[in-house]
Amino acid sequence: MKKISLILGALLAVGTVAQAKEEVVAPVVEEILIVEPVVEKAFRPSGYVGLEYKAYGKTEGHGDKIGFNPLEEDKWNKGQNNYSRLQTTFGIQVTENFKLDGRIRDYNDLERNDETKYENKKHGTDTRLRGYYKHNDMFTSRIEYRDTEKNEERYEYQLRYNAYTNEGGLVDKVILAPKVARRVKPNHRYYYNRLGVDAYLTGNLPLGLTWENNYYLNYDMHNSDIINLANNKKKDKEFNLEVELYLRRSFALYETEKSHLNLDLEVGYDPYKFNQYKRILDINTDGSVSTYKRTYELRSLIDLGYTYSLTENVDIKTGVGAEYRNWDITEESRAKDWRWQPFAYAAMNVKF
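Throughout what follows, the structure given in this document is the object of discussion. (Residues numbered from 1 in each chain as written. Predicted model: local features only at pLDDT ≥ 70, side-chain atom pairs only at ≥ 80, totals over all residues. Heavy atoms only, no water.)

Considerations on the packing of aromatic side chains
Stage number 1. What the rule picks out here adds up to 14 aromatic pairs.
Stage number 2. Relative to Phe343, the ring of Tyr56 lies with its centre 6.2 Å away and its plane at 55°, an arrangement referred to as tilted. Highlighted residues: Tyr56 in strand 1 (residues 46-56) and Phe343 in strand 16 (residues 339-351), separated in sequence by 287 residues. Of the two residues, Tyr56 and Phe343, both sit in the buried class.
Stage number 3. Chaining the aromatic ring pairs together yields one cluster made of Tyr56, Tyr83, Tyr107, Phe343 and Tyr345.
Stage number 4. In this arrangement the basic side chain of Lys99 is found over the ring face of Tyr132, its NZ or CZ atom lying 5.1 Å from the centre.
Stage number 5. When the ring centre of Phe251 is taken as reference, the NZ or CZ atom of Arg249 above it lies at 4.3 Å. (Phe/Tyr/Trp six-rings, centres within 6.5 Å; stacked < 30°, edge-to-face > 60°. Helix = DSSP H or I, 4+ residues; strand = E, 2+ residues; numbered from the N terminus. Buried < 20%, exposed > 50% of the residue type's maximum accessible area, 1.4 Å probe, protein only. Lys NZ or Arg CZ within 6 Å of the ring centre and 35° of its normal.)

Here it is in structure tokens:
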């Protein structure tokens, strides 16, 4: 009996120990989640500087002898043949909402021998400076100053309204911009003020085509009667509209990690001009007057360019091309005589 009691006691003790082992709870390890604070990158000014040298050749047919007079020549694109353009561009994002950009073009005649003779030659400096202030995602103010190679100073303010955005769409951007401007020729004591509105539209078409369509509606108020009309009267105020329309296509002919060879094509109106009043075009042999109200220049552009990236921020580019345009006869009813003008260029662009 004692043995049985001892055996039962031992079994009970072993069972109790086993049950105790089964009921042991593993220690709970708490996971500590470390949340690192999000540090926003501080704004840093950025921008670019570009330098381009471009040489324009002789317009097709310019200077060719005509008729029996050895001194009589064709004058296609008069004053804009065999010249060069040194262009400097820059842009700076000064703050998150304010940026500046500029363009300086220095023109030089490649045939001029006498520095005092500039008649009918492309020469001088064209400077354009712009400042942009972004009020919000919809509105941006733009101020522009320009001093052209013809010594005309231009001042303009635009309030640009981003009316529509759909990146990659048939219409991907529409910008409307009411404006006020003033143009002055200090040497001639001539100026005029301008009120108007611009519209800028861009988009995409099948087959890799892109398009651009711009409208410039102006009401010009001159300080003297300068608009010669067909009825022998003059006006100092007038509405006018300029329209630009371009189709573009770029073909990648060769591409590596650092170099690109592209063929760029462009065709379009540059620009189409509509005037409120008729101008005198010609006085005919019978004494009648030929008039016009609309003019246009329709051009094609072909550009073969090679770009090489020296570093992530430095690109160099070189290329050749030609432009086909009705340089001289632009009146709507008689526009004709399209001529080629070749060009070549070398450029460098540095980002910072």
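Having put the structure on the table, let's press on.
Regarding the nonpolar core
Stage number 1. The biggest cluster of nonpolar side chains holds five residues, and these are Tyr56, Tyr83, Tyr107, Phe343 and Tyr345.
Stage number 2. Other than its neighbours up to four places away in sequence, Tyr345 contacts Glu52, Tyr53, Lys54, Asp303, Leu304, Gly305, Lys317, Thr318, Gly319 and Val320. (Core = buried A, V, L, I, M, F, W, Y, C linked by side-chain atoms within 4.5 Å. Contact = heavy atoms within 4.5 Å.)

Looking at the pairing of strand 13 (residues 259-283)
Stage number 1. The pairing of strand 12 (residues 237-255) with strand 13 spans 14 bridges and is antiparallel. Bridge assignment links Arg248 to a residue of strand 13, and that residue is Glu266.
Stage number 2. Where strand 13 lies against strand 14 (residues 289-309), 18 bridges are found, and the strand directions are antiparallel. Opposite Ile283, over in strand 14, you have Val289 as the bridge partner. (Pairing = 2+ DSSP bridges.)

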